[in-house]
Amino acid sequence: MFAVGATVAAASDSGGSGSSGTSSRAPGRYSPDAGFARDMAVHHQQAVEMSFIVRDRTEDEPVRSLAYDIANTQANQRGMLLGWLDLWGLPKVIADEPPMSWMAASDGEAGTGGDGGHHGHDMGAAKPGALMTGMATKEELAALGAARGRDAEVLYLQLMTDHHKGGVAMARGCARQCATPAERALAQGMVEAQQSELTLMADMLKQRGAAPRG
């Protein structure tokens, strides 16, 4: 909790008035900083949900341990992202903002803390029935909830592989475009950690005679 508080405070300082040499105002409502915080909070919530589902549907310790790590890490990161939105005085949900539209903002707009991402094009990479790239559909979540043992392990690893690939793409976007140093650092850390987990999950699927989808 101390680490989360310190990271949120760092983001507040970087968007404040001060002496750090960064922007003198908080990120704008449709800025990459705010858009990433909103979208990744939603993305992370589903990863936490899938991880809790699989922990109740297998006795396999490596999968249960991975699921616990993902749930714990992404729940903490989600708390940071939502905390920044509170500190910036920005909404956690905007009805007219298409998911991932902030990724269309130009680098110049990203550095201003302004509203550059609002009119960007929809990324359009999500599969039918999924809110954002990499996210599972309701049907896939239901299938995970109905599976047991090896079937649950394989489906979880496949769904989480897709989920991480989408998350890495989004985090790279923030690492390039977000103006808040603490948020850029968090995004880059997500890229590195989730790429490592992608390698691990590919190995775990291979051990179970399966492979990532697509």
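The structure this text deals with has already been given above.
Residues numbered from 1 in each chain as written. Predicted model: local features only at pLDDT ≥ 70, side-chain atom pairs only at ≥ 80, totals over all residues. Heavy atoms only, no water.

A.B. asks: Requested: an account of the state of the cysteines, with residues and values cited.
C.D. replies: For the structure on display, the rule yields 1 disulfide. The disulfide partner of Cys 174 is Cys 178, and the S-S distance across this bridge is 2.3 Å. Because the sign of the S-S torsion sets the handedness, a value of about -125° for the bond joining Cys 174 and Cys 178 places this disulfide among the left-handed ones. (Disulfide = S-S within 2.5 Å.)

A.B. asks: Quick one: what's the story with the environment of Leu 81, residue by residue and with numbers?
C.D. replies: Secondary-structure assignment places Leu 81 in helix H3 (residues 61-88). On the basis of relative accessibility, which here comes to 0%, the residue Leu 81 falls in the buried class. As a C-alpha pair, Leu 81 and Ala 37 span 44 residues in sequence and 4.9 Å in three-dimensional space. Beyond its immediate sequence surroundings of up to four residues, Leu 81 is in contact with Phe 36, Ala 37, Met 40, Ala 41, Glu 183, Leu 186 and Met 190. (Helix = DSSP H or I, 4+ residues; strand = E, 2+ residues; numbered from the N terminus. Buried < 20%, exposed > 50% of the residue type's maximum accessible area, 1.4 Å probe, protein only. Contact = heavy atoms within 4.5 Å.)

A.B. asks: Any details on the packing of helix H2 (residues 32-55) against H3? Residues and values, ideally.
C.D. replies: It is at 8 Å that the axes of H2 and H3 come closest, and there the two elements cross at 155°. The orientation of H2 relative to H3 falls into the category roughly antiparallel. Our pair here, H2 against H3, has a crossing hand that is left-handed. (Axes fitted to C-alpha atoms, helices over the stretch in contact; angles between N-to-C directions. Parallel < 35°, antiparallel > 145°, perpendicular 65-115°, else oblique. Left-handed = near helix turned anticlockwise from the far one by under 90°.)

A.B. asks: For helix H7 (residues 181-207), give the residues involved together with the corresponding values.
C.D. replies: Look at H7: 40 Å from first C-alpha to last across 27 residues, which is about the 39 Å you get at 1.5 Å a residue. Within H7 the residues assigned to the buried category are Ala 182, Glu 183, Leu 186, Ala 187, Met 190, Val 191, Gln 194, Glu 197, Leu 198, Met 201, Met 204 and Leu 205. Note on H7: the residue one or two positions beyond its end, Gly 209, has a positive phi of about 70°. (Expected span 1.5 Å × (residues − 1).)

A.B. asks: Break down the nonpolar core for me, citing the residues and quoting the values.
C.D. replies: Residues Phe 36, Met 40, Leu 81, Leu 85, Met 170, Ala 171 and Met 190 are the most contacted members of the largest nonpolar core, which totals 28 residues. Those elements that place two or more of their residues in this core are H2, H3, helix H6 (149-177) and H7. Ignoring any residue separated from it by four or fewer positions in sequence, one finds Phe 36 in contact with Ala 41, Leu 81, Trp 102, Met 170, Ala 171, Cys 174, Cys 178, Glu 183, Ala 187 and Met 190. Judged by nonpolar contacts, the second largest core, of 23 residues, contains Met 50, Leu 141, Tyr 156 and Leu 157. (Core = buried A, V, L, I, M, F, W, Y, C linked by side-chain atoms within 4.5 Å.)

A.B. asks: Go over the environment of Phe 36, please, and point to the residues and values.
C.D. replies: Its location among the elements puts Phe 36 in helix H2. Classification of Phe 36 by relative accessible area gives buried; the value is 0%. Along the chain, Phe 36 and Cys 174 lie 138 residues apart, while their C-alpha atoms are 6.5 Å from each other.

A.B. asks: Give a description of the pattern of salt bridges that names residues and reports values.
C.D. replies: Within the structure shown, the criterion is met by 9 salt bridges. The shortest N-O distance in the salt bridge between Arg 213 and Glu 140 comes to 3.1 Å. Of this pair, Arg 213 sits in the segment after H7 while Glu 140 sits in helix H5 (residues 138-146), placing them 73 residues apart in sequence. Given the relative accessible area of 29%, Arg 213 is considered partly exposed. Assessed through its relative accessible area of 15%, Glu 140 is described here as buried. Each of Lys 127, Glu 140, Asp 162 and Arg 213 takes part in a single network of salt bridges with overlapping partners. (Salt bridge = Lys/Arg side-chain N within 4 Å of Asp/Glu carboxyl O.)

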